[in-house]
Amino acid sequence: MLRRTCKALALLAVILLLPVAASAASTDDTTVLLQKAVDGAWRSAPNKARDTYRHPVETLQFFGIRPDMTVIELSPGGGWYTEILAPFLYERGHLIEAAPPKAEKFTAKLKSNPAVFGHIAGMVPFAPPDHVSLGPANSADMVLTFRNTHDWLINSPDTLEAVFKSAFDVLKPGGVFGLTEHRAKPFGDARVTAGALHRIPEDYLIALALKTGFQLSGVSEINANPTDPEDINIHRLPPDLAGPEDEHAKMKIIGESDRMTLRFVKPLAGNAAASR
């Protein structure tokens, strides 16, 4: 009897450890693929130089990205993160770019290197407030936005709210909305700091996401910069150094902006009503 009990307990221990082992293997695989994309020869030296401030591997790991996901990137700009997301999702996942309808420079970048960008699943016209729909409801595993939310708030609070709602709608239950943003001092007037500094208080974005229906599932200091006083227009800091030349040395010492990194989750169907 004792032997059967010990054998059963041993079997139970193995069963309980299986998900942990599978999860660890999956995490290791994701790390390798992300690092391979970050180290890619297609990335320029200036883009790679910003890794020290943007921490792409750690940031995407924090969001919980996997190579088999359907991921929507909002307002990709020059494609800094696209250069990492596209090859990472190339074989098993789907990358959808939500970009302005006439983003000729970005479109030309995608066409310039089919080996890297040739498997992008599609482009969604996205130019808030005129174009905010991101696709069919419950169709994406992850929506990502990097340092864009202040632009939508500058347009209007309604525009930013519409973007958050669109992200919520397109995500599957359990899907992740991951964002980074230049951080302003807490509890300030978000519309003022967005316009004057291109920053938003972290509490403002968390409150908006909760109001939209998301659950807050993680807050990270991966992209924090404690030397940034959070009261400087981010374009005066590196790499832009848009202020007077005599302040450039001081701005270089500070480095790039202090940034929040937030992970929100769309509740599973049974928890959706309780989250609102």
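That block above? That's the structure.
Residues numbered from 1 in each chain as written. Predicted model: local features only at pLDDT ≥ 70, side-chain atom pairs only at ≥ 80, totals over all residues. Heavy atoms only, no water.

### Digging into the overall build of the protein
The number of helices and strands found in the protein is 13 helices and eight strands. Long-range pairs, those at least 24 residues apart, make up 77% of the contacts in the protein between residues at least 6 apart in sequence. Carbon together with sulfur atoms contributes 60% to the accessible area of the protein, which is approximately 13,600 Å² in total. (Helix = DSSP H or I, 4+ residues; strand = E, 2+ residues; numbered from the N terminus. Contact = heavy atoms within 4.5 Å. Areas by Shrake-Rupley, 256 points an atom, 1.4 Å probe, with all protein chains shown as cover.)

### Some details on the environment of Asp203
Here Asp203 shows up in helix α11 (residues 202-212). Along the backbone, Asp203 and Arg183 are 20 residues apart, and their C-alpha atoms lie at a distance of 9.8 Å. Within the local environment of Asp203, its side chain forms a polar contact with the backbone nitrogen of Phe187, the two atoms lying 2.9 Å apart. (Polar contact = N/O pair within 3.5 Å; in protein donor to acceptor, adjacent residues only side chain to side chain.)

### A closer look at the packing of aromatic side chains
A complete count under the given rule lists ten aromatic pairs for this structure. Relative to Trp152, the ring of Phe126 has its centre 5.8 Å away and its plane inclined at 90°; by these criteria the two rings are edge-to-face. Of the two residues, Phe126 sits in the loop between β3 (122-125) and β4 (140-146) while Trp152 sits in helix α8 (residues 149-155), which places them 26 residues apart along the sequence. The pair Phe126 / Trp152 is uniform in exposure class, with both members buried. (Phe/Tyr/Trp six-rings, centres within 6.5 Å; stacked < 30°, edge-to-face > 60°. Buried < 20%, exposed > 50% of the residue type's maximum accessible area, 1.4 Å probe, protein only.)

### Overview of the side chain of Lys266
Within the fold, Lys266 resides in the loop between β8 (259-265) and α13 (269-275). Here Lys266 sits buried without a salt bridge, and the closest side chain of opposite charge, Asp169, lies 5.5 Å off (N-O distance). Of note is the side chain of Lys266, whose polar atom sits 3.0 Å from the backbone oxygen of Phe168. With residues near it in sequence (within four places) discarded, Lys266 still touches Asn138, Phe168, Asp169, Leu171, Lys172, Pro173, Gly174, Gly175 and Phe214. (Lys, Arg positive; Asp, Glu negative; His and termini not counted. Salt bridge = Lys/Arg side-chain N within 4 Å of Asp/Glu carboxyl O.)

### A look at the pattern of salt bridges
Pairing between side chains of opposite charge can happen when the charged atoms of each approach one another. Applying the stated criterion across every chain yields a total of 16 salt bridges. A salt bridge links Glu230 to Arg183, with the nearest nitrogen and oxygen atoms 3.8 Å apart. In this pair, Glu230 is assigned in the loop between β7 (215-220) and α12 (248-254) and Arg183 in strand β5 (residues 171-184), connecting sequence segments 47 residues apart. A residue is classified by how much of its surface remains accessible, and Glu230, at 16% relative accessible area, is buried. Glu256 serves as the salt-bridge partner of Arg259, at 2.7 Å between the closest nitrogen and oxygen. As far as burial versus exposure is concerned, Arg259 and Glu256 are alike and both buried. Each of Arg183, Glu202, Glu221, Glu230 and Asp258 takes part in salt bridges that share partners, so that together they form one network.

### Structural notes on helix α4 (residues 56-63)
Buried residues dominate α4, accounting for six of its eight residues. For α4, the set of buried residues is Pro56, Val57, Thr59, Leu60, Phe62 and Phe63.

### Points about the packing of helix α9 (residues 157-170) against α11
Close contact between α9 and α11 brings their axes to 10 Å; oriented N to C, the two are set at 55°. In terms of their interaxial angle, α9 and α11 are classed as oblique. Where α9 crosses over α11, the handedness of that crossing is right-handed. Taking contact as the criterion, the partners of Pro157, Leu160, Glu161, Phe164, Lys165 and Phe168 in α9 are, on α11, Tyr204, Leu205, Leu208, Ala209, Lys211 and Thr212. The residue makeup of the contact of α9 with α11, split by class, is eight nonpolar, one polar and three charged. (Axes fitted to C-alpha atoms, helices over the stretch in contact; angles between N-to-C directions. Parallel < 35°, antiparallel > 145°, perpendicular 65-115°, else oblique. Left-handed = near helix turned anticlockwise from the far one by under 90°. Nonpolar A, V, L, I, M, F, W, Y, C, P; charged D, E, K, R; others polar.)

### Details of the environment of Pro186
Counting through the fold element by element, Pro186 comes out in the loop between β5 and α10 (190-197). Spatially, the C-alpha atom of Pro186 lies 5.0 Å from that of Pro201, the residues being 15 residues apart in sequence. Those residues in contact with Pro186, other than ones at most four positions away along the chain, are Pro201, Asp203 and Glu230.

### Side note on unusual backbone geometry
A cis geometry characterises the amide bond from Pro128 onward to Pro129, with omega recorded as 5°. Relative to the assigned elements, Pro129 resides in the loop between β3 and β4. Phi at Arg147 takes a positive value of approximately 60°, unusual for a residue other than glycine. Within the element layout of this structure, Arg147 appears in the loop between β4 and α8. In this model, Phe187 sits at a positive phi of 65°, which is unusual for a non-glycine residue.

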